[in-house]
Amino acid sequence: MGSNPQPTGRLISHFTNRAHDSQSTGWSELWETNQSDLWDRGKPSPALIDFIESRPAALPKPDNGRRLKALVPGCGRGYDVVALALHGFDAYGLEVSRKAVETAREYAKTELAHQNKYNYGEKARHKSLDKKTIVKFIQGDFFERDWEAACASDRTSGFDVIYDYTFLCALLPEMRKDWARRMRELLAPGGILVCLEFPLYKDLKAQGPPWGLRGVHWNLLAAGGDGVLDEPGEETEGAQGPFERISYFKPVRSYESGRGIDMMSVWRMRLQ
């Protein structure tokens, strides 16, 4: 589902009146017909890179010196997966499309051999990739569990970091509660869910994808709602949903398509 779906008529019309059970097929069709230009922005998320480089204390602390394990669902061409690997993560990208996975593997092969500056912040130094670092792309349906075996590791159960930029906004609103459930299932104990909230400028009632998400993350994760909103609602103290928000800030850099109002939220599962 890629880097950055845009509210163009072509994308919205492709999904208009498409049933819940054919959403994945819809994205695969766009990949197979070479229409990834609808969302591809040609580089990793600047907000993700800045978060990793400037807020290391927010990341989980791995035991036994192991690398943190990261997942990017709907990874598209794999920009963010490669950037995570170059910052020391074992990085996994998930895509429903066979062609997307093939494209991501080719991108990773080229990019890891000849790194672009866009994988780093302005003050960061380029690093050589540790040969033991895992960079893996998997074809699978996020809402199913059969692909998880391909990410199995003796060193850890689940993912330490999951990054969502344009995966949630690509889903039908009725699928949001299942998104939150799967995040709970996939995160390792002490792991974090990092969300670049986009698009926040779009009316919640407007047709997607991308679907407007203003207030949706809080409703889903902090309040334990279904994420289907007509209005954003209040962020109240003492929310008892499955996640607690441990950080919330406006990123210094993001894609222009966010119109300058993207927000970064970081979530941890609430202790039961």
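Residues numbered from 1 in each chain as written. Predicted model: local features only at pLDDT ≥ 70, side-chain atom pairs only at ≥ 80, totals over all residues. Heavy atoms only, no water.

Attention shifts here to the overall build of the protein. A tally of regular secondary structure across the protein gives seven helices and seven strands. Radius of gyration (C-alpha) of the protein: 17 Å, near the 19 Å computed for a compact globule of 272 residues. Along the longest, intermediate and shortest principal axes, the C-alpha atoms of the protein span 45 × 45 × 40 Å. Scored against the burial criterion, the 272 residues of the protein give a buried share of 56%. Within the protein, contacts between residues at least 6 apart in sequence are counted, and of these 71% link residues at least 24 apart. When the accessible surface of the protein is summed, it comes to about 12600 Å², and 47% of that surface belongs to carbon and sulfur atoms. (Helix = DSSP H or I, 4+ residues; strand = E, 2+ residues; numbered from the N terminus. Rg over C-alpha atoms; globule rule 2.2 N^0.38 Å. Buried < 20%, exposed > 50% of the residue type's maximum accessible area, 1.4 Å probe, protein only. Contact = heavy atoms within 4.5 Å. Areas by Shrake-Rupley, 256 points an atom, 1.4 Å probe, with all protein chains shown as cover.)

Time to look at helix α5 (residues 98-113). At 3.6 residues per turn, the α-helix brings residues three or four places apart onto the same side. Counted at 1.5 Å a residue, the expected span for α5 with its 16 residues is 22 Å, and the 23 Å between its end C-alpha atoms agrees. Among all positions of α5, only Ala100, Val101, Thr103, Ala104, Tyr107, Ala108 and Glu111 are buried. One side of α5 holds all its buried residues, which, seen down the axis, span an arc of 160°. Exposed side of α5, more than 90 degrees from the buried face: Lys109 and Ala113 are the residues found there. For α5, the N-terminal capping position is held by Ser97, with its side-chain oxygen 3.2 Å away from the main-chain nitrogen of Lys99. (Expected span 1.5 Å × (residues − 1). Arc of directions from axis to C-beta. Polar contact = N/O pair within 3.5 Å; in protein donor to acceptor, adjacent residues only side chain to side chain.)

If you walk through the whole model with that rule in mind, you get 13 salt bridges. Between Glu102 and Arg98 there is a salt bridge, with the nearest N and O atoms lying 2.9 Å from each other. Taken together, the residues span about one helical turn, with Glu102 and Arg98 both in helix α5 at a distance of four residues. Glu102 gets classed as partly exposed once you look at its relative accessible area, which sits at 37%. Arg182 is the partner of Glu148 in a salt bridge, and the nearest nitrogen-oxygen pair spans 3.0 Å. Of this pair, Glu148 sits in the loop between β3 (135-139) and β4 (159-164) while Arg182 sits in helix α6 (residues 176-186); the two residues are 34 residues apart in sequence, bridging distant segments of the chain. (Salt bridge = Lys/Arg side-chain N within 4 Å of Asp/Glu carboxyl O.)

Moving on to the packing of aromatic side chains. A full pass over the atoms with the stated rule returns nine aromatic pairs. Centre to centre, the rings of Tyr92 and Phe159 are 5.8 Å apart; their planes meet at 75°, and the pair counts as edge-to-face. In this pair, Tyr92 sits in strand β2 (residues 90-95) while Phe159 sits in strand β4, placing the two residues 67 residues apart along the sequence. When its relative accessible area of 2% is taken as the criterion, Tyr92 is described as buried. (Phe/Tyr/Trp six-rings, centres within 6.5 Å; stacked < 30°, edge-to-face > 60°.)

Turning next to the side chain of Asp262. Here Asp262 lies in the loop between β6 (243-249) and β7 (263-269). Although buried, Asp262 forms no salt bridge, and the nearest oppositely charged side chain, Lys250, lies 7.5 Å from it. A polar side-chain atom of Asp262 sits 2.6 Å from a polar atom in the side chain of Ser254. The residues contacting Asp262, other than those within four sequence positions of it, are Tyr165, Leu196, Glu197, Phe198, Leu200, Lys250, Pro251, Ser254 and Tyr255. (Lys, Arg positive; Asp, Glu negative; His and termini not counted.)

Another aspect to go through is the sheet that holds β2. Spatially, β3-β2-β1-β4-β5-β7-β6 is the arrangement adopted by the seven strands of the open sheet, whose pairing is mixed. Each end of this open sheet is capped by a strand with a single partner; those strands are β3 and β6. If you compare each strand with its neighbour and ignore which way they point, the axes differ by 20° on average. Judged from the five bridges that link them, β2 and β3 form a sheet pairing that is parallel. Looking across to β3, one finds that Leu94 is bridged to Ile138. (Pairing = 2+ DSSP bridges. Axes fitted to C-alpha atoms, helices over the stretch in contact; angles between N-to-C directions.)

A few words now on the nonpolar core. Of all hydrophobic cores here, the largest spans 69 residues; its most connected members are Phe51, Phe142, Trp147, Trp179 and Leu193. Among all residues touching Phe51, those that are not within four sequence positions of it are Ala58, Leu59, Ile192, Val194, Phe249, Met264 and Val266. (Core = buried A, V, L, I, M, F, W, Y, C linked by side-chain atoms within 4.5 Å.)

Note that all results are geometric; they support no functional claim without further evidence.
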